[in-house]
There are 2 protein chains.
Amino acid sequence: MSFFEKLTKRAKEIDSLLCVGLDPHKSELQEDSAEGAFRFCQHLIEDVACAFKPNAAFFEAYGSAGWEALQRTLQLIPKEIPIVLDAKRGDIGSTSEAYATSAFSTLACDSITASPYLGGDGLQPFLKDASRGVWVLCKTSNPGSQDIQALELPTGEPLYLHVAKLCFGTWAKEHQNAGLVVGATDVDAMEKIRAALPDVWFLSPGIGAQGGDLAKALKVGLREDGLGILLPISRGISKAENPKKMAETFRAEINALRAAR
Amino acid sequence: MSFFEKLTKRAKEIDSLLCVGLDPHKSELQEDSAEGAFRFCQHLIEDVACAFKPNAAFFEAYGSAGWEALQRTLQLIPKEIPIVLDAKRGDIGSTSEAYATSAFSTLACDSITASPYLGGDGLQPFLKDASRGVWVLCKTSNPGSQDIQALELPTGEPLYLHVAKLCFGTWAKEHQNAGLVVGATDVDAMEKIRAALPDVWFLSPGIGAQGGDLAKALKVGLREDGLGILLPISRGISKAENPKKMAETFRAEINALRAAR
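This write-up is about the structure you can find in this document. (Residues numbered from 1 in each chain as written. Chains lettered and ligands numbered in written order. Predicted model: local features only at pLDDT ≥ 70, side-chain atom pairs only at ≥ 80, totals over all residues. Heavy atoms only, no water.)

## Details of the sheet that holds strand S5 (residues 133-139) of chain A
All names here are of chain A. Our working rule: Two strands are said to pair when DSSP picks up at least two bridges between them. Helix and strand labels come from DSSP, where a helix needs a run of H or I of at least four residues and a strand needs a run of E of at least two; each type is numbered from the N terminus. Any two residues whose heavy atoms approach within 4.5 Å at even a single point are treated as in contact. To obtain each axis, a line is fitted to C-alpha atoms, and for helices this fit is confined to the stretch in contact; angles are then taken between N-to-C directions over 0 to 180 degrees.
Spatially, the eight strands line up as an open sheet ordered S2-S1-S8-S7-S6-S5-S4-S3, and their pairing is parallel. The open sheet has two edge strands, strand S2 (51-54) and strand S3 (84-89), and neither has a second partner. Examined bridge by bridge, S5 and strand S6 (residues 178-182) share five bridges and lie parallel to one another. Its bridge partner being in S6, Trp-135 is matched across the sheet by Gly-179. Together, strand S7 (202-203) and strand S8 (229-233) form the strand contacts of helix H9 (residues 214-221), whose direction differs from that of S8 by roughly 160 degrees.

This is the structure in structure tokens:
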């Protein structure tokens with residue numbers, strides 16, 4: 001089963017497009033340590049999530065102990081739930097090969113976020129295993145995404161749209177096992193990318209703390225079949241008094257908007 | 001002392017622009033393990049290097065044990081030798097903050113390689129400490145660098161040149177503590193970037209296994225003062241029968257070409 005088949009199966013079974021972010025930011029931990037990061041994540045792993053997205057940076061900040069906490073955290077996630085390792089890796093081929101080993105073998109994650117700046121040969125080591133998914137950074141959710149990603153090319157097309165097309169027309173052509181990171185903070189960009197690529201999955205951060213508009217994002221970003229956007233929420237859930245209840249609330253809100261569109 | 005002052009001091013004292021890459025690629029290890037990675041690096045740390053460049057990917061592939069091997073490796077490097085953590089990190093601000101903590105506090109490295117794709121706000125957490133250096137990916141040494149980095153903008157300028165100018169005119173304006181990754185495999189690009197930015201340090205991989213032309217790269221890339229390019233070599237040294245002797249040979253070759261230009 002390919003990653004996107006696994007994701008689709010899970011989304012339908014649990015009726016959820018919610019991706020729970022596991023971001024053990026030190027300011028949110030009861031104890032500023034790798035063990036504190038593990039406990040923080042343990043508390044967030046429940047059953048209304050379509051997928052989980054651990055962010056490597058917040059573990060890495062604790063060195064080898066943090067990396068071990070990441071490994072333990074991943075082991076808590078039931079096998080049927082897809083994992084997005086948010087690592088934004090990307091290097092020349094022989095180095096990306098080692099990052100792919102880390103993500104897919106050592107950590108046994110189903111998918112990873114990766115940067116397109118190095119080009120197709122830097123992404124191949126991630127893309128070559130048809131059973132794994134690669135979320136290629138396209139138009140990210142931060143203000144700085146305007147700096148490079150939104151640059152206009154001589155064709156009149158923004159760079160992010162060129163990246164999106166190159167990704168599916170060339171880089172991931174063989175297995176079509178890529179998705180795109182398209183922030184929910186820029187619905188115009190999302191609309192353009194959806195128009196160009198009607199079938200692709202988006203990973204769309206930006207809802208919650210970053211101020212993205214969920215209703216608009218779903219309106220322009222959902223596919224015809226009502227799927228096609230995975231919505232990661234981190235602080236919006238982890239900072240709630242009852243994270244499980246808050247995750248349920250988000251799932252219900254997303255589903256109400258899906259039904260209404 | 002800023003990172004680039006430290007680098008300049010070391011380059012002059014040791015009369016070397018050679019950066020020894022610590023790339024414990026599994027195919028080169030006597031034992032395929034984190035301990036094997038550590039021993040591989042231990043063998044490469046000697047005193048003719050201007051700087052060392054450990055590549056995070058090859059440690060990360062061994063999980064938490066690999067990360068611990070990286071920490072132990074870094075402790076072997078004398079304090080006066082600058083360290084380039086080759087990690088190519090880059091994320092939204094709050095996440096890059098955690099990567100900066102990892103690189104500069106937990107691992108205590110002097111500098112890191114970082115991706116510009118997320119834009120200025122994603123680089124700020126690395127750049128905000130004036131004592132640390134940030135090597136921003138500009139024109140990398142792999143063939144895929146043509147895919148995105150070489151795209152022509154409506155101004156007629158390639159994207160990598162725009163990145164280079166934006167980096168120094170805007171992102172790193174405050175502390176001027178950035179360098180640029182400019183592969184030695186594309187001397188035309190190197191020449192253009194040097195013309196635009198006469199004072200900036202380049203980190204220029206591509207010599208050795210990747211086939212870059214050292215003489216041409218030094219001709220177009222060196223600054224007026226005979227410095228300004230740090231030349232990382234990994235496999236070219238680690239695969240030699242006597243790595244220390246090979247490092248000395250590379251240093252001498254680089255210096256002969258510097259003197260002759």
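There's more to say after this.
## Re the relation of the copies chain A and chain B
Filter applied, for reference: The copies were overlaid by least squares, fitting only the C-alpha atoms of residues that reach a pLDDT of 70 or more in each copy.
Mapping chain A onto chain B leaves a residual RMSD of 0.0 Å; the transformation is a rotation of 180 degrees accompanied by 0.0 Å of translation along its axis. Read as a symmetry element, the transformation amounts to a two-fold axis. A shared interface surface links the copies, since 98% of the contact residues of chain A are contact residues in chain B too.

## Let's talk about the packing of aromatic side chains
This is how it is decided: Each pair of aromatic rings taken from Phe, Tyr and Trp, with Trp reduced to its six-membered ring, is defined by centres within 6.5 Å and is described as stacked if the planes are under 30 degrees apart, edge-to-face if over 60, and tilted in the remaining cases. We call a residue buried when its accessible area falls under 20% of the maximum for its residue type, exposed when it is over 50%, and partly exposed in between, using a 1.4 Å probe and counting protein chains only. By the criterion adopted, a ring carries a charge over it if an Arg CZ or a Lys NZ lies within 6 Å of its centre and within 35 degrees of its normal.
Tallying each qualifying case throughout the model produces seven aromatic pairs over all chains. Aromatic pair Phe-3 of chain A and Phe-4 of chain A: ring centres 4.9 Å apart, planes at 80 degrees, arrangement edge-to-face. Neither Phe-3 of chain A nor Phe-4 of chain A differs from the other in exposure class; each is buried. Ring geometry for Trp-67 of chain A versus Trp-67 of chain B: centroids 5.1 Å apart, planes at 5 degrees, classification stacked. Here the residue Trp-67 of chain A occupies a position in helix H4 (residues 63-75), and Trp-67 of chain B occupies one in helix H4 (residues 63-75), the pair thus bridging two chains. Here the two residues Trp-67 of chain A and Trp-67 of chain B agree in accessibility, since each one is buried. Chaining the aromatic ring pairs together yields one cluster made of Phe-3, Phe-4 and Trp-135 of chain A. The cationic tip of Arg-72 of chain B hangs over the ring face of Phe-38 of chain B; the distance from NZ or CZ to the ring centre is 3.9 Å. We note Arg-194 of chain B situated over the ring of Phe-202 of chain B; from NZ or CZ to the ring centre the distance is 4.0 Å.

## Structural notes on unusual backbone geometry
Here Gln-176 of chain A, not a glycine, exhibits a phi torsion of approximately 45 degrees, which is positive. Gln-176 of chain A sits in the partly exposed class, given a relative accessible area of 43%. A positive phi angle is found at Lys-88 of chain B, which is not glycine, with a value near 50 degrees. Checked against the element boundaries, Lys-88 of chain B lands in strand S3 (residues 84-89). For Lys-88 of chain B, a relative accessible area of 9% puts it in the buried group.

## Considerations on the interface of chain A and chain B
Applicable threshold: Buried area: the accessible surface (1.4 Å probe) lost by two parts on joining, summed over both. Salt bridges are counted wherever a side-chain nitrogen of Lys or Arg sits within 4 Å of a carboxyl oxygen of Asp or Glu. Any pair of nitrogen or oxygen atoms within 3.5 Å is treated as a polar contact; in protein, a donor-acceptor pairing is required on top of that, and neighbouring residues in sequence qualify only through side-chain atoms on both sides. Residues were grouped as follows: Ala, Val, Leu, Ile, Met, Phe, Trp, Tyr, Cys and Pro as nonpolar; Asp, Glu, Lys and Arg as charged; and all remaining residues, including Gly, as polar.
Between chain A and chain B, the residue contacts involve 58 residues of the former and 57 residues of the latter. Buried area between chain A and chain B, both sides added, is near 4400 Å², and the carbon and sulfur share of it is 59%. For the pair chain A and chain B, the number of links is four salt bridges. At the boundary of chain A with chain B, the tally comes to 30 residue pairs in polar contact (both at pLDDT 80 or more). Of all the elements in the fold, those that place two or more residues in the side of chain A that touches chain B are helix H3 (56-60), H4, S3, helix H5 (93-106), helix H6 (120-127), S5 and helix H7 (159-171) of chain A. At seven residues, the largest contribution of residues to the side of chain A that touches chain B is made by H5 of chain A. Looking at side-chain class alone, the side of chain A that touches chain B contains 25 nonpolar, 23 polar and ten charged residues.

## Observations regarding empty space enclosed by the protein
What counts is decided by this rule: Every definition here rests on a 1 Å grid over the protein atoms only: cavities are sets of points where a 1.4 Å probe fits but cannot get out, pockets are open sets enclosed by protein on both sides within 12 Å along at least five of seven lines, and lining residues have some atom within 4 Å of a point. Grid points are joined across faces, edges and corners, and a volume is the space filled by probe spheres set on the points.
Scanning all chains against the criterion turns up one cavity of 30 Å³ or more. When its volume is computed, the largest cavity comes out at roughly 310 Å³. Those elements that provide at least two residues to the lining of the largest cavity are S3, S8 and helix H10 (235-238) of chain A together with helix H5 (93-106) of chain B. Residues that form the lining of the largest cavity fall into these classes: ten nonpolar, eleven polar and six charged.

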